[in-house]
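# Examination of the molecular architecture
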Amino acid sequence: MKTATACPEVNTSQTATLNRIVNDDCLNVLPELAARSVNFVLTDPPYIARYRSRDGRTVLNDDNDTWLEPAFAEIYRVLERNSFCVSFYGWPHADKFITAWRKAGFRIVGHLAFPKRYTSSERYLRYQHECAYLLAKGYPQMPADTIGDVIDWTYSGNKLHPTQKPLSVLLPIVETFSSPQGVVLDPFSGSGSSLLAAKMLGRNYLGIELDAEYHAISQQRLRAAD
Ligand SMILES: C[S@@+](CC[C@H](N)C(=O)[O-])C[C@H]1O[C@@H](n2cnc3c(N)ncnc32)[C@H](O)[C@@H]1O
């Protein structure tokens, strides 16, 4: 597993500033954010899978779950009342994710499946889908135009990050579950895919990424979209 190389000059008191990506541990940054200051969380945390891509890239904190419950407790706190969180997760540890979400206070209100046209790995099955849960804090209003819970996956190419999520699936999620003036938070932002989706839709965003390399990539990616 890689070791964290967070920038020492990060000033967490600045993290309330919008449209930026902080290079730090979200367990340091989230407690600095005001309660109920975020409108929507779209996140793709480590799957606790000790994943290693074919070219040898790994994901920080993918070898432990110590961050899971504290991170989602904070995510719940910073979300506005009656709002949503969409979280990808690794199905082998669905029990751990569900326990953390429920302990934080979330209600599970939907499940999204993303069928792939290719096989990402093969063992007892050919593994051909990703999944995410739709979580509610309180009782949000129904979206004006909702979406189906099965969204076709397109291969991102994983050029920027070993588990890079495609914009084509993130865009409809952000559009449906965030409000136009709201802040979209991703505390495990990797190469910044969810933040770019938010930016493309005119939303404010806040990203947190522990790995200095992916943080730099995401900064560059978001800047290129100006
Ligand atoms: C599954 S990846 C996200 C990939 C992202 N969705 C993309 O499209 O590039 C999870 C990310 O969370 C980061 N991470 C792990 N633990 C973290 C923590 N405590 N705080 C902030 N980021 C963390 C990892 O470095 C990794 O880049």
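See the structure shown above.
Note that the coordinates shown come from a computational prediction; the quantities given were computed from them, not determined experimentally. (Residues numbered from 1 in each chain as written. Predicted model: local features only at pLDDT ≥ 70, side-chain atom pairs only at ≥ 80, totals over all residues. Heavy atoms only, no water.)

### Regarding the nonpolar core
Core analysis: the biggest nonpolar cluster contains 32 residues, and Phe72, Ile75, Cys85, Trp101, Phe106 and Leu185 have the highest contact counts within it. Those elements that place two or more of their residues in this core are α1 (26-29), β2 (38-43), α2 (68-78), β3 (79-88), α3 (94-104), β7 (129-137), β8 (183-186) and β9 (204-208). Ranked by the residues each element gives to this core, the list is headed by α3, at six residues. Formed by 25 residues, the second largest nonpolar core is a distinct cluster that contains Tyr47, Phe84, Val169 and Val174. (Core = buried A, V, L, I, M, F, W, Y, C linked by side-chain atoms within 4.5 Å. Buried < 20%, exposed > 50% of the residue type's maximum accessible area, 1.4 Å probe, protein only. Helix = DSSP H or I, 4+ residues; strand = E, 2+ residues; numbered from the N terminus.)

### Thoughts on helix α6 (residues 212-224)
Spanning 13 residues, α6 covers 18 Å between terminal C-alpha atoms, matching the ideal 18 Å at 1.5 Å per step. Packing partners of the buried residues in α6 comprise β1 (20-22), α4 (167-177), α5 (193-200) and β9. Two or three places before Glu213, at the opening of α6, Asp211 has a side-chain oxygen 2.9 Å from that residue's backbone nitrogen. (Expected span 1.5 Å × (residues − 1). Contact = heavy atoms within 4.5 Å. Polar contact = N/O pair within 3.5 Å; in protein donor to acceptor, adjacent residues only side chain to side chain.)

### Concerning the pattern of salt bridges
This structure, assessed with the given rule, holds eight salt bridges. Across the pair Arg77 and Glu74 runs a salt bridge whose closest N-O atoms are separated by 2.9 Å. Within this pair, Arg77 and its partner Glu74 are both found in helix α2, separated by three residues, close to a single helical turn. Assessed through its relative accessible area of 27%, Arg77 is described here as partly exposed. The class for Glu74 is buried, based on a relative accessible area of 18%. Its salt-bridge partner being Lys199, residue Asp226 comes within 2.4 Å of it at the nearest N-O pair. With a gap of 27 residues between them, Asp226 in the segment after α6 and Lys199 in helix α5 connect regions that are remote in the sequence. (Salt bridge = Lys/Arg side-chain N within 4 Å of Asp/Glu carboxyl O.)

### Let's talk about the site of the ligand
Residues in close proximity to the ligand total 22 residues, the closest being Asp44, His161, Ser191, Ser193 and Glu209. Backbone polar atom of Cys26 to a nitrogen atom of the ligand: 2.8 Å apart, as the coordinates give it. Within the side chain of Ser193, an N or O atom sits 2.6 Å from an oxygen atom of the ligand. Expressed as a share of its isolated accessible area of 610 Å², the protein-covered part of the ligand is 98%. (Near = heavy atom within 4 Å. Areas by Shrake-Rupley, 256 points an atom, 1.4 Å probe, with all protein chains shown as cover.)

### Comments concerning the side chain of Asn23
Within the fold, Asn23 resides in the loop between β1 and α1. A residue is classified by how much of its surface remains accessible, and Asn23, at 1% relative accessible area, is buried. There is a polar contact of 3.2 Å between the side chain of Asn23 and the backbone oxygen of Leu210.

### So, the packing of α4 against α5
Put simply, α4 and α5 touch, their axes get as near as 9 Å, and they point 55° apart. Viewed along their axes, α4 and α5 adopt a mutual orientation that is oblique. Our pair here, α4 against α5, has a crossing hand that is right-handed. Only Ser193, Ser194, Leu196, Ala197, Ala198 and Met200 of α5 make contact with α4, whose side of the interface consists of Leu167, Leu170, Leu171 and Val174. Class assignment for the residues of the contact of α4 with α5 results in eight nonpolar, two polar and no charged. (Axes fitted to C-alpha atoms, helices over the stretch in contact; angles between N-to-C directions. Parallel < 35°, antiparallel > 145°, perpendicular 65-115°, else oblique. Left-handed = near helix turned anticlockwise from the far one by under 90°. Nonpolar A, V, L, I, M, F, W, Y, C, P; charged D, E, K, R; others polar.)

### So, the pairing of β9
A large share of β9 lies buried, amounting to four of its five residues. Considered for its hand, the β-α-β crossover made up of β8, α5 and β9 is right-handed. (Right-handed = clockwise from strand over helix to strand, strands pointing away.)

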